[in-house]
Protein chains: 2
Amino acid sequence: MDSAQENARKQLLNAIKSKRTQLPEAERLASSILQGNRLALAEAITFIESDRDADQRLAEEILHWIQPQTGTSRRIGISGVPGAGKSTFIEAFGTFLCNQGKKLAVLAVDPSSELGKGSILGDKTRMHQLAAHPNAFIRPSPSSGNLGGVARRTREVIHLCEAAGFTDVWVETVGVGQNETAVHAMTDLFVLLSVAGTGDELQGIKRGITEMADIVLVNKADGALMAASQAAASDLRRAFHFMPQKPSAWNASVLLVSALEKTGLTEVETEFQRYFEWIDSRSYREHRRKEQARLWFETLLKEEIWSVFLRKPESIAQFEVLKSAVECGEMTVQQAVRSMLESTFNR
Amino acid sequence: MDSAQENARKQLLNAIKSKRTQLPEAERLASSILQGNRLALAEAITFIESDRDADQRLAEEILHWIQPQTGTSRRIGISGVPGAGKSTFIEAFGTFLCNQGKKLAVLAVDPSSELGKGSILGDKTRMHQLAAHPNAFIRPSPSSGNLGGVARRTREVIHLCEAAGFTDVWVETVGVGQNETAVHAMTDLFVLLSVAGTGDELQGIKRGITEMADIVLVNKADGALMAASQAAASDLRRAFHFMPQKPSAWNASVLLVSALEKTGLTEVETEFQRYFEWIDSRSYREHRRKEQARLWFETLLKEEIWSVFLRKPESIAQFEVLKSAVECGEMTVQQAVRSMLESTFNR
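Each value, and the rule that gives it
- Residues numbered from 1 in each chain as written.
- Chains lettered and ligands numbered in written order.
- Predicted model: local features only at pLDDT ≥ 70, side-chain atom pairs only at ≥ 80, totals over all residues.
- Heavy atoms only, no water.
- Helix = DSSP H or I, 4+ residues; strand = E, 2+ residues; numbered from the N terminus.
- Buried < 20%, exposed > 50% of the residue type's maximum accessible area, 1.4 Å probe, protein only.
- Contact = heavy atoms within 4.5 Å.
- Areas by Shrake-Rupley, 256 points an atom, 1.4 Å probe, with all protein chains shown as cover.
- pLDDT = per-residue confidence, 0-100.
- Salt bridge = Lys/Arg side-chain N within 4 Å of Asp/Glu carboxyl O.
- Domains from an automatic or database assignment.
- Pairing = 2+ DSSP bridges.
- Polar contact = N/O pair within 3.5 Å; in protein donor to acceptor, adjacent residues only side chain to side chain.
- Right-handed = clockwise from strand over helix to strand, strands pointing away.
- Phe/Tyr/Trp six-rings, centres within 6.5 Å; stacked < 30°, edge-to-face > 60°.
- Axes fitted to C-alpha atoms, helices over the stretch in contact; angles between N-to-C directions.
- Parallel < 35°, antiparallel > 145°, perpendicular 65-115°, else oblique.
- Nonpolar A, V, L, I, M, F, W, Y, C, P; charged D, E, K, R; others polar.

1. Describing the overall build of chain A
Helix and strand counts for chain A stand at 15 helices and seven strands. Among the 347 residues that make up chain A, the fraction classed as buried is 53%. Put simply, 76% of the contacts in chain A that link residues at least 6 apart link residues at least 24 apart. Looking at chain A as shown, the accessible area adds up to about 15200 Å², and 53% of this sits on carbon and sulfur atoms.

2. Quick word on the confidence of the model for chain A
Residue and element names in this part refer to chain A. In this model, chain A carries a mean pLDDT of 84, and residues with pLDDT of at least 70 account for 83%. Here helix α6 (residues 119-126) is the element of chain A with the lowest mean pLDDT, 50, and helix α12 (residues 265-281) is the one with the highest, 97. Overall, residues 112-122 carries pLDDT values under 50, and its contacts beyond four positions in sequence, including any with other chains, amount to nine contacts. Counted against residues more than four places away or in other chains, residues 145-149, with its pLDDT under 50, gives eleven contacts. At the level of chain-chain contacts, confidence expressed as ipTM amounts to 0.77, with global pTM at 0.71.

3. Some details on the pattern of salt bridges
Residue and element names in this part refer to chain A. Considering all chains together, one arrives at 36 salt bridges over all chains under this definition. D51 is the salt-bridge partner of R153, the closest N and O atoms lying 2.7 Å from each other. Within this pair, whereas R153 is found in helix α8 (residues 151-163), its partner D51 is found in the loop between α3 (38-49) and α4 (53-66), the two being separated by 102 residues in sequence. On the basis of relative accessible area, D51 is assigned to the exposed category, the value being 61%.

4. Observations concerning the domain arrangement of chain A
How large an interface is tends to be reported as the accessible area lost when its parts come together. When cut into domains, chain A gives domain 1 (17-67), domain 2 (70-291) and domain 3 (312-345). Using C-alpha coordinates to define each centre, domain 1 of chain A is positioned 40 Å away from domain 3 of chain A.

5. Examining the pairing of strand β1 (residues 74-80) of chain B
Residues and elements named next belong to chain B. Counting buried residues along β1, seven of its seven residues qualify, which places the element largely inside the surrounding structure. Burial of the side chains of β1 extends over both faces: R74, I76, I78 and G80 are buried on one face and R75, G77 and S79 on the other. Relative to strand β4 (residues 168-172), β1 is paired through five bridges, and the arrangement is parallel. Looking at the pairing, R74 lines up with D168 of β4. Pairing between β1 and strand β5 (residues 189-195): five bridges, direction parallel. The partner of I76 across the bridge, within β5, is L189.

6. Comments concerning the environment of D168(B)
All names here are of chain B. Position of D168 relative to the elements: it lies in strand β4. Classification of D168 as buried rests on a relative accessible area of 0%. Measuring from C-alpha to C-alpha, the distance between D168 and H64 comes to 21 Å, with 104 residues separating the pair along the chain. The residues contacting D168, other than those within four sequence positions of it, are S73, R74, I76, L97, K102, K103, L104 and A105. Of note is the side chain of D168, whose polar atom sits 3.2 Å from the side chain of W170.

7. Observations concerning the pairing of strand β7 (residues 253-256) of chain B
Residues and elements named next belong to chain B. Pairing of strand β6 (residues 215-219) with β7, which is carried by four bridges, proceeds in the parallel orientation. Pairing of L217 across the sheet is with L255, part of β7. Assessed by its sense of winding, the connection that carries the chain from β6 through helix α11 (residues 226-241) to β7 is right-handed.

8. Quick word on the environment of R288(A)
Residue and element names in this part refer to chain A. If you trace the backbone, R288 turns up in helix α13 (residues 284-311). A relative accessible area of 7% means that R288 is categorised as buried. Distance from R288 to T187, taken between C-alpha atoms, is 9.1 Å for residues 101 residues apart in sequence. Every residue in contact with R288, bar those within four places of it in the chain, is listed here: H184, T187, D188 and Y275.

9. Remarks on the packing of aromatic side chains
Under the counting rule described, the total for this entry stands at 22 aromatic pairs over all chains. Judged by centre distance (5.0 Å) and plane angle (90 degrees), the rings of W250(B) and Y275(B) are edge-to-face. Of this pair, W250(B) sits in the loop between α11 and β7 while Y275(B) sits in helix α12 (residues 265-281), and the two are 25 residues apart along the sequence. Taking relative accessible area as the criterion, W250(B) reaches 2% and is therefore assigned buried. Where Y275(B) meets F276(B), the ring centres are 5.5 Å apart and the plane angle is 85 degrees; that geometry is what we call edge-to-face. For the pair shown, Y275(B) and F276(B) are each scored as buried. Taken together through their ring pairs, the aromatic side chains of F89(A), F93(A), F96(A), W170(A) and F272(A) make up a single cluster.

10. So, the packing of α13(A) against helix α14 (residues 313-327) of chain A
Residue and element names in this part refer to chain A. Their axes nearest at 5 Å, the elements α13 and α14 cross at an angle of 90 degrees. For the element pair α13 / α14, the angle class is roughly perpendicular. Each of W306, F309, L310 and R311 in α13 lies in contact with α14, whose residues at this interface are P313, S315, I316 and F319. Each residue belonging to the contact of α13 with α14 can be placed in one class, and the counts come to six nonpolar, one polar and one charged.

Now the structure itself:
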């Protein structure tokens, strides 16, 4: 880039930055968050989750202020089919890490929270030991919102947690295949919690998720399930041989744990560390985060352009007419698209 | 809808239709296609596959002319993992149907055709008996194009084939999971060709596709593989019990065939007929096609709006600057999106 280009670039960035609304409320909240204030963190998350335009502006401004202090945590996605013992594992392993001095934020992506909002209470009860730990922060993340999924808000909450000083941010999903891709696209490490002997139907659901996993933990490897767990681990290791190599060049590993008996936890943390050393030695964490940010910007922009388009009353009316004309075969899809574009962009 | 609304709607549709470019070349080609002329069909497909704007206009105009004569075929997606014997099956079953008087178009979606363009020759050689049949038309469909996949052009080619009088249009995919969803979204019946005893890695790929299947055919059910094929069929039937019910309320069925020994072909055709009777008795084919057209219109419009946006030189420049600012953390994604929207829509 030559210096003229570089100047033009800086001018553009400055012009954009000077347009910010500069809300004192945002600055106040941001500095409280940076001091590790939990209440301020919770308040800011509420703004992120709000659909009101004013709240969104405020959230945006807070994110601007904390931006230089983000990116500092291990971002870890944790998934597992229902019955794999996710809550028990997060409770056991989370408490283990917090006792070692780590600061852990758990963002639970719970599809059921859209219905009934019962999950907040649910989260507190299902992980009460961890929830009470001074180093832990547990927050369910409703999966509603403009982008229809976990993606938008959870990403922003990760940044807030990092600014508040959390060294580990875990994003937990239920493992039925809907949110896993989104979580994979916002974390550094994707962990799958598995269990021996689940039925064929659950194995089917797990397949696609297994391919994304960097580390698989076979949970409930204790007592009567020990032998079956070892066999399941062997099967998984064999299956990984047939899967394509990951962009990180990391070979997925499979470990046995028992969240109930709290065995294997040290080994899990050692493996996590080995993973992060591996990707950092190749600058892959940095590379992947840049790529994630770029893709996220494109996705969000695409969605926003579409929603701006659909917000114009004249567009909506025409869109509806054309949609039914296309449905009934009165018009080809190509004609309908061209017609919408012409009246929108006056080409 | 009251009569004022209905009038407004008609006016809008007429205004759109009057804007057509009315190319005599398009009218000529369209009427040749409607008379069943193969050369005209092939020529029109070439226009559909072209990226030139003039060719696209022409293709659009041809599609307009033939529109009333489309929708008449059985649209069937056929998928199967490599090694399932797809070519042999299509050759055997296709010839069987053509001998019964059916007119069959096979659109082979071949991801490899992007590289080297070798597939056209490949298709002719791998199904030479069918290719030579007067009732058959085989065409590979390059999977490149604006929408990056099979979706756009193949959909339009289906319409052309219907206008040319084909009673069956099959869209064949390789079955590695990339194009199957798109093919499912443009066909009435989705058939999976399976085979007993494929390795675990292939089973993994097949899972997601199996869920989409209306009819699974276990091929190579002959000789030494007979017992294994029967066992595979039982496994598949059991697996379908655990899968969610299809919107058509059709229970996926599993049949044994041997493309090599040409056994089971009559049963396959009987099952296809039973399927179409089932969905037609519920008006599900009509319902699904309307839904497919509507979704397709939305998808295409979204893509086109995005590409119009990215075609403006000032947008591209700003987009690139913002993308790198977001990558390096100089700016939050939210700020970058807002900035692009503001300068685009002058909000």
